[in-house]
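# Structural overview
Letter by letter, the chains look like this.
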Amino acid sequence: MPRRRAGSTPRVLRWLGAVILVSGWLGASIVAAQTSETPDADAVEYRIVDGRVYPIALAESRRAQQRVQRMNGDLGLWIAEFDVVFRSLFRPPRLTWTLLVLSTAMGIGFLNLAKLAAEEVDE
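For the structure given in this document, a descriptive report is provided here. None of these values were measured; they are calculated from a predicted model.

Put simply, P92 and P93 share a cis peptide bond, and its omega is 0°. Inspection of the secondary structure puts P93 in the loop between helix 2 (62-88) and helix 3 (94-118). Backbone geometry at D50 places phi at a positive 55°, although glycine is not the residue there. Take D50: it is sitting in the loop between strand 1 (43-49) and strand 2 (52-57).

Here the focus is the packing of aromatic side chains. This model, assessed by the stated rule, comprises three aromatic pairs. Here the aromatic rings of F86 and F90 are separated by 5.3 Å at their centres, their planes lie at 70°, and the arrangement is edge-to-face. Under the relative-accessibility criterion, F86 is labelled partly exposed at 42%. An aromatic cluster of at least three residues, connected via ring pairs, comprises W78, F82, F86 and F90.

As a further point, take the environment of R14. Mapping R14 onto the fold places it in helix 1 (residues 8-34). Judged by relative accessible area, R14 falls into the partly exposed class, the value being 42%. Spatially, the C-alpha atoms of R14 and L111 are 5.3 Å apart, while their sequence positions differ by 97 residues. Once residues within four sequence positions are removed from consideration, R14 is found in contact with L111 and A114.

Rules behind the numbers
- Residues numbered from 1 in each chain as written.
- Predicted model: local features only at pLDDT ≥ 70, side-chain atom pairs only at ≥ 80, totals over all residues.
- Heavy atoms only, no water.
- Helix = DSSP H or I, 4+ residues; strand = E, 2+ residues; numbered from the N terminus.
- Phe/Tyr/Trp six-rings, centres within 6.5 Å; stacked < 30°, edge-to-face > 60°.
- Buried < 20%, exposed > 50% of the residue type's maximum accessible area, 1.4 Å probe, protein only.
- Contact = heavy atoms within 4.5 Å.

The quantities given are spatial measurements derived from coordinates; they are silent on function.
The following block contains the structure:
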């Protein structure tokens, strides 16, 4: 069985961790710098006041909540509200925080794996 160079696995895991950290943070900074908030992405209805249009989300519209609850029950309403929150994690400006948290957690995970792979095991 061919043997690998000693220490190659920890080195690869460290590089992966560093690349994930750096690329995630760079991506988050690019998203934060280039985006503007779009409040009407999850609008279920709109209200016009003094010629200005205001989007109303599911959490703010009692009528839309009652309609969803009548059609799908309490579980359907909970799933619809969860869906709105989950989709908002992948749209700016919350996408910035999603990228920061996920890349930091994955990068630290790979760096910890590299530390574990570098340990010598006595048999």
